[in-house]
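Observations on chain architecture
Below, each chain spelled out in residue letters.
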Amino acid sequence: MNDEKIIEVNLLTKHFKDLRAVNSLNLNVFEGDVFGFLGPNGAGKSTTIRMLLSLIRPNEGSIKLFGKSLQKNRIEILKRIGAIVEKPDFYGYLSAYKNLEILGRISGKEISKNRIMEVLELVGLSKRYKSKVKTFSHGMKQRLGLGQALLHDPDLIILDEPTTGLDPQGMKEIRDLILHLSKEKKKTIFLSSHILHEVELVANRMIIIDKGTMKVEGEVKDLLNAKKLKVTFETDDEEKVKNLLSQSGWGSKLESNAKTVFIFSLENNEIAELNKFFVLNGIEVNAVIPTRSLEDYFLKITDEVA
Amino acid sequence: MLTLIQIELYKIFKKWRTYIGFIAIGVLVPIIHTAMVFEGAHTLNFMTRNIQQSFIFVGNLLNGYLVSYLILTSLAVHIPFLVALVAGDLLAGEATAGTYRMLITRPISRTQIVTSKFLAGIIYTHLLIIWLALMSLVVGLIIFGSGELLVISNQTVIIFEKNDILWRFLLAYDFAALGMSVVASLAFLFSSLVENAIGPIVSTMAVIIVFLILSAINIDFFQTIKPYLFTNYILSWRLFFNTPVDFSELIKATLILAGHIVFFFSLALYIFNRKDILT
């Protein structure tokens, strides 16, 4: 990764009548990043991606890609981008090969037959290249969507929920492919998802948005490996635990409790210590559940939307 | 641009609905031919019933030219529907299928997308008219043979000599193609507004039928607005079967139809260039 900004978004705003889908959003993606763009459904992720790809026009703000204004250099910029936007849709009455051939012809580069077959092989569809897309399952269309995004060997790959509809094996393959594209091919990847775990596995930087505004941004390892964890202890005796805590230093670490369930703010190495403390004092600990604060926060905003 | 037009034509001719127009003409015209084989003499007799006492008709009047002329007259409403079926789908079909996203995220301008689709639609319209000409005129001549063309309009009887007819038909079909291009442009404009192909097809037909009805109502007010309805000029191909041909009226009709095409296309282009793609 270096300091060259591939995506630079400043105060981006889009509203549909009274709904502010994206509100003064700022984000920067650097060359070589696998950038996680995280948020619950309806957070404004797809609207942002559509603006990055000039499918919709922002009401306010600016977008620069590869250091150039998208508005003024749209065609030049789009030559260097491959994208999946939401669900992959193709010409169902044409074959997978023909769909890619058509898209290849308008991609701004010469795309050979071998390249089309190479991409179909990469996404596991080479045996079905003659089949009409309308006969494909959602997962197969998703793979073909990835194929069309990679067809012209773009520098920036924008993937909007690329694992939706895939089985666990398919999800793993997509993750492996993202890592391969990033590490071996040195591509910059902008990965939108509503699943924190998915982003955590592949991204080096990420942003969380909700209701169109940025909530958290930074290095994935910093955000997810914060020292403090919220740890839930499920015990058997509320009064006894409360007494013990009041007589020890652990009381200061208690955040809340509901009957026999106690939530502490602890550092990683303190979990075992507190567990030992309870056991030695005759408390039966039924469960110890650590939750990272970011995960907790993300689940909270996701639940609010649901 | 040429690549884009090729792609659009390829997509058009890979769709089943495209062939409905060709099949409809391919079925309807032979049915009319068959009917004319059995009932043609009666039809001709009916057409000339008021003038039979004044004229004696000799030669082969029930010929390929007459049949082709009658077919061209009777298909004024059918062909617009067949044109709208494809032209109304050109933009809205991409919205319905969700393929706008792939198309617009490629390094091509929206103007190029709209223009290539529009030109492909115009090419389809012309091919449909060529097919109509082949089916009605060429097949008509094979079945019924050649001869003089009898045209009766506005209490006037005109008989065109055999060697004075073909050029009139060629220009009439050419003009019909221009008229149908206006229909294609209107359907294309409606197609840029919505995300479902049914709407543009129905809307285009509604406009044409309403305009035709308004033109046909013999009330002063409707006759006043008649010159402003484009449908009034679509049937101006009939002017080629007058003698002498009123070229000034034909040029006026051509300019009005061309103006409509430019206006409908420009509006579609303006709308599409400002459109947020949400499908």
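A quick note: this is a predicted structure, and the numbers were derived from the prediction, not measured.

**Observations concerning the overall build of chain A**
Summing up its helical and strand segments, chain A has 11 helices and 14 strands in all. Its C-alpha atoms give chain A principal-axis dimensions of about 75 × 45 × 40 Å. Put simply, chain A has 306 residues, and 39% of those count as buried. Summarising the internal contacts of chain A: among those between residues at least 6 apart in sequence, 70% fall at separations of at least 24.

**Considering the overall build of chain B**
Secondary structure assignment for chain B yields 12 helices and 2 strands. Each helix and strand of chain B, ordered N terminal to C terminal, gives the series α-α-α-α-α-α-α-β-β-α-α-α-α-α. Against the compact-globule benchmark of 19 Å for 279 residues, chain B has a radius of gyration of 21 Å, which places it among compact chains. When its C-alpha atoms are laid out on the principal axes, chain B stretches across 70 × 45 × 25 Å. Of all 279 residues assigned to chain B, the portion counted as buried reaches 39%. Sequence-distant contacts in chain B: of pairs separated by 6 or more residues, those separated by 24 or more amount to 80%.

**Some points on helix α4 (residues 113–122) of chain A**
All names here are of chain A. Every buried residue of α4 is listed here: Ile116, Val119 and Leu120. The arc that holds the buried residues of α4, viewed along the axis, is 100°, so those residues lie on one side. In this fold, the buried residues of α4 make contact with α3 (96–105) and α5 (138–150).

**Here's the deal with the sheet that holds strand β1 (residues 5–16) of chain A**
All names here are of chain A. If you trace the 4 strands from one edge of the open sheet to the other, you get β2-β1-β4-β5, paired in antiparallel fashion. The open sheet has two free edges, formed respectively by β2 (19–30) and β5 (68–69), since each of these has just one partner strand. Examined bridge by bridge, β1 and β2 share 8 bridges and lie antiparallel to one another. Note on β2: the bridge partner recorded for isoleucine 7 is valine 29. Most of the contacts of helix α1 (residues 45–52) go to β1, to which it runs at about 120°, and overall it touches β1, β2 and β4 (60–65).

**Remarks on the packing of helix α4 (residues 78–87) of chain B against helix α7 (residues 110–144) of chain B**
All names here are of chain B. Put simply, α4 and α7 touch, their axes get as near as 10 Å, and they point 150° apart. Between α4 and α7 lies a crossing of right-handed hand. Here Ile79, Leu82, Val83, Val86 and Ala87 of α4 lie close against α7, whose contacting residues are Gly121, Tyr124, Thr125, Leu128 and Leu132. Partitioning the contact of α4 with α7 into residue classes produces 8 nonpolar, 2 polar and no charged.

**Describing the packing of α3(A) against α4(A)**
Residues and elements named next belong to chain A. Close contact between α3 and α4 brings their axes to 10 Å; oriented N to C, the two are set at 125°. Between α3 and α4, the crossing angle belongs to the class labelled oblique. For the element pair α3 and α4, the recorded crossing hand is right-handed. Residues Ala96, Tyr97, Leu100, Glu101 and Gly104 of α3 lie in contact with α4, whose contacting residues are Ile116, Val119 and Leu120. Looking at the contact of α3 with α4 residue by residue, the class counts come to 6 nonpolar, 1 polar and 1 charged.

**Some points on the nonpolar core**
With 141 residues, the main nonpolar core has A:Ile158, A:Phe190, A:Leu191, B:Val83, B:Ala187 and B:Phe188 as its most contacted residues. The contact partners of B:Val83, leaving out residues within four places of it in the chain, are B:Thr125, B:Leu128, B:Met180, B:Val183, B:Ala184 and B:Ala187. The next biggest cluster of nonpolar side chains, apart from the first, holds 10 residues, and it includes A:Phe233, A:Phe262, A:Phe264 and A:Leu274.

**Digging into the sheet that holds strand β12 (residues 254–258) of chain A**
Residues and elements named next belong to chain A. With respect to topology, 4 strands assemble into an open sheet ordered β12-β13-β11-β14, the strand pairing being antiparallel. Bordering the open sheet on either side are β12 and β14 (287–292), each of which pairs with just one other strand. Strand-to-strand twist across the sheet, computed as the mean angle between neighbouring axes with direction ignored, equals 25°. Across 7 bridges, strand β11 (residues 228–234) lies against strand β13 (residues 261–267) in antiparallel orientation. Of the residues in β13, the one forming a bridge with lysine 230 is serine 265. Across the sheet, helix α10 (residues 270–280) is in contact with β11, β13 and β14; its angle to β13 comes to roughly 140°.

**Focus: the interface of chain B and chain A**
Opposite the 20 residues of chain B that make contact, chain A presents 24 residues. Contributions of two or more residues to the side of chain B that touches chain A are made by α1 (2–12) and α6 (100–104) of chain B. Residue contributions to the side of chain B that touches chain A peak at 4 residues, all from α1(B). Looking at the side of chain B that touches chain A residue by residue, the class counts come to 9 nonpolar, 5 polar and 6 charged.

**Describing unusual backbone geometry**
Note that the residue after B:Thr243, namely B:Pro244, is joined by a cis bond; omega there is -5°. Secondary-structure assignment places B:Pro244 in the loop between α11 (231–234) and α12 (247–274). Of note, A:Glu161 is a non-glycine position whose phi angle comes to about 50°, a positive value. Structurally, A:Glu161 is set in the loop between β7 (156–160) and α6 (168–183).

**Comments concerning the environment of A:Ser246**
All names here are of chain A. Counting through the fold element by element, serine 246 comes out in helix α9 (residues 238–247). A residue is classified by how many C-beta atoms lie within 10 Å of it, and serine 246, with 10 of them, is exposed. Measuring from C-alpha to C-alpha, the distance between serine 246 and lysine 186 comes to 55 Å, with 60 residues separating the pair along the chain.

**So, α4(B)**
Residue and element names in this part refer to chain B. Taking burial as the measure, the 10 residues of α4 include 8 buried ones, the bulk of the element. Taken together, the buried positions of α4 are Ile79, Pro80, Leu82, Val83, Ala84, Leu85, Val86 and Ala87. Elements in contact with the buried residues of α4: α1, α2 (16–47), α7, α8 (166–193) and α9 (198–216).

**Let's talk about the environment of B:Ile198**
The topology assignment puts B:Ile198 in helix α9. Put simply, B:Ile198 and B:Thr3 are 195 residues apart on the chain and 28 Å apart in space, counted from C-alpha to C-alpha.

**Looking at the environment of A:Ile49**
All names here are of chain A. In this structure, isoleucine 49 sits in helix α1. Looking at isoleucine 49, the number of C-beta atoms within 10 Å reads 23, which means it is buried. Sequence spacing of isoleucine 49 and alanine 83 is 34 residues, and the spatial spacing of their C-alpha atoms is 9.2 Å. Ignoring anything within four residues of it in the chain, the contact list for isoleucine 49 reads Val85, Ile158, Asp160 and Ser192.

**Concerning the confidence of the model for chain B**
The share of residues in chain B with pLDDT of 70 or more is 97%, and the mean pLDDT across the chain is 87. Predicted complex, confidence summary: ipTM 0.78, pTM 0.83.

Definitions and cut-offs
Residues numbered from 1 in each chain as written. Chains lettered and ligands numbered in written order. Predicted model: local features only at pLDDT ≥ 70, side-chain atom pairs only at ≥ 80, totals over all residues. Helix = DSSP H or I, 4+ residues; strand = E, 2+ residues; numbered from the N terminus. Buried ≥ 20, exposed ≤ 12 C-beta atoms within 10 Å, placed from the backbone. Contact = placed C-beta atoms within 7 Å. Rg over C-alpha atoms; globule rule 2.2 N^0.38 Å. Arc of directions from axis to C-beta. Pairing = 2+ DSSP bridges. Axes fitted to C-alpha atoms, helices over the stretch in contact; angles between N-to-C directions. Left-handed = near helix turned anticlockwise from the far one by under 90°. Nonpolar A, V, L, I, M, F, W, Y, C, P; charged D, E, K, R; others polar. Parallel < 35°, antiparallel > 145°, perpendicular 65-115°, else oblique. Core = buried A, V, L, I, M, F, W, Y, C linked by C-beta atoms within 7 Å. pLDDT = per-residue confidence, 0-100.

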